[in-house]
Amino acid sequence: MLDTHGRAAVQPIISKTAQSLLKIGLSANQVTYIAFFIGIIASVLVYFGYPIIGVAVLWFSGFLDAVDGSMARKSKSSSWGTVLDVTFDRVVEAGIIVALALRHPEPHTLMLFLLLAISIIFTMTIFLTVGALSEKESYKSFYYQPGLAERTEGFILFSLLVLFQSHLVFWTIIFIAVEITTGIQRLLEARRILKS
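Novice: Tell me about the pattern of salt bridges, and name the residues and values.
Specialist: Counted by the stated rule, this structure contains 5 salt bridges. With a shortest N-O distance of 3.6 Å, Arg-192 and Glu-189 are connected by a salt bridge. Here Arg-192 and its partner Glu-189 are both found in helix H7 (residues 168-195), 3 residues apart, which amounts to about one turn of the helix. According to the relative accessible area criterion, Arg-192 is exposed, its value standing at 52%. In this structure, a network of salt bridges that share partners links the residues Asp-65, Asp-89, Arg-90, Glu-93 and Arg-151.

Here is the structure:
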């Protein structure tokens, strides 16, 4: 939702950063790799008990993830870059879940993390399938389905999980509910798009 409706507000910063990185000779794919490694570092920081720094690093990774797409659109984009981008995004998210699961190995918490992972898989499966099948135009390399939880909302919810671990169960349940709602939204939109 925030990505769809709020992108215009931050796009000038993203575009300026993209242009600067292109000028120093970095490619979009190189920035994708950098964003990925920084995202993994965020998971390591969370695991070792540095939640504030971990969240800051996670958001920096997310910023670079937005920049690499802008770089691709300003230069020669590639399907391989899209595959890397989407795959690395999921690995970074999984890394945060694993880091929290290792810090909170209680059975009920692990069950909630499993349900969270399943809800993310459910939502992303619909998102990627509709993106592959839809002929609708998008500023991205495939149709980007809007929904309650997009990348920014995911980062906000991951931040809440990391920063407020004393309320981990509550925030995980909220995250699961948001993901399932988003999945249903996208499934209903997919039915409308693909039947027309």
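Right, picking up where we left off after that structure.
Novice: Please give an account of the packing of helix H2 (residues 28-47) against helix H4 (residues 79-103) that cites residues and values.
Specialist: For the pair H2 and H4, the least separation of the axes is 8 Å and the interaxial angle reads 5 degrees. By the angle between their axes, H2 is roughly parallel relative to H4.

Novice: If you had to explain the nonpolar core to someone new, which residues and values would you point to?
Specialist: Within the largest apolar cluster, 44 residues are counted, with the highest numbers of intra-cluster contacts made by Leu-58, Met-71, Ile-96, Leu-100, Leu-116, Phe-158 and Leu-161. Secondary structure elements with two or more residues in this core: helix H1 (2-23), H2, helix H3 (51-74), H4, helix H5 (107-133), helix H6 (151-163) and H7. In contact with Phe-158, other than residues within four places in its own chain, are Leu-58, Glu-93, Ile-96, Ile-97, Ile-120 and Phe-175.

Novice: For empty space enclosed by the protein, give the residues involved together with the corresponding values.
Specialist: If you walk through the whole model with that rule in mind, you get 1 cavity of 30 Å³ or more. Taken as a whole, the largest cavity spans an internal volume of roughly 50 Å³. Thr-32, Ala-35, Phe-36, Ser-61, Asp-65, Asp-68, Asp-85, Phe-88, Asp-89, Val-92 and Arg-151 together form the lining of the largest cavity. Per element, the largest residue contribution to the lining of the largest cavity is 4 residues, and it comes from H4. Of the residues that constitute the lining of the largest cavity, the class distribution is 4 nonpolar, 2 polar and 5 charged.

Novice: Residue-level account of the packing of H6 against H7, with values.
Specialist: Running from N to C, H6 and H7 point in directions that differ by 165 degrees, and their axes come no closer than 9 Å. Considered as vectors, H6 and H7 are oriented roughly antiparallel to each other. When the axes of H6 and H7 are compared, the crossing they make is left-handed. Only Leu-168, Trp-171, Thr-172, Ile-174, Phe-175 and Val-178 of H7 make contact with H6, whose side of the interface consists of Gly-154, Leu-157, Phe-158, Leu-160 and Leu-161. Grouping the constituent residues of the contact of H6 with H7 by class yields 9 nonpolar, 2 polar and no charged.

Novice: Would you mind going over the side chain of Asp-68 in detail, with residue names and values included?
Specialist: Considering the arrangement of structural elements, one finds Asp-68 in helix H3. Put simply, Asp-68 is tucked away with no salt bridge, and the nearest opposite charge, on Arg-73, sits 7.2 Å away. Those residues within four positions of Asp-68 in sequence are excluded, and the remaining contacts are Ala-28, Val-31, Thr-32 and Asp-85.

What counts as what
- Residues numbered from 1 in each chain as written.
- Predicted model: local features only at pLDDT ≥ 70, side-chain atom pairs only at ≥ 80, totals over all residues.
- Heavy atoms only, no water.
- Salt bridge = Lys/Arg side-chain N within 4 Å of Asp/Glu carboxyl O.
- Helix = DSSP H or I, 4+ residues; strand = E, 2+ residues; numbered from the N terminus.
- Buried < 20%, exposed > 50% of the residue type's maximum accessible area, 1.4 Å probe, protein only.
- Axes fitted to C-alpha atoms, helices over the stretch in contact; angles between N-to-C directions.
- Parallel < 35°, antiparallel > 145°, perpendicular 65-115°, else oblique.
- Core = buried A, V, L, I, M, F, W, Y, C linked by side-chain atoms within 4.5 Å.
- Contact = heavy atoms within 4.5 Å.
- 1 Å grid on protein atoms, 1.4 Å probe; cavity = no way out; pocket = protein on both sides within 12 Å on 5 of 7 lines; lining within 4 Å.
- Points joined across faces, edges and corners; volume = space filled by probe spheres on them.
- Nonpolar A, V, L, I, M, F, W, Y, C, P; charged D, E, K, R; others polar.
- Left-handed = near helix turned anticlockwise from the far one by under 90°.
- Lys, Arg positive; Asp, Glu negative; His and termini not counted.

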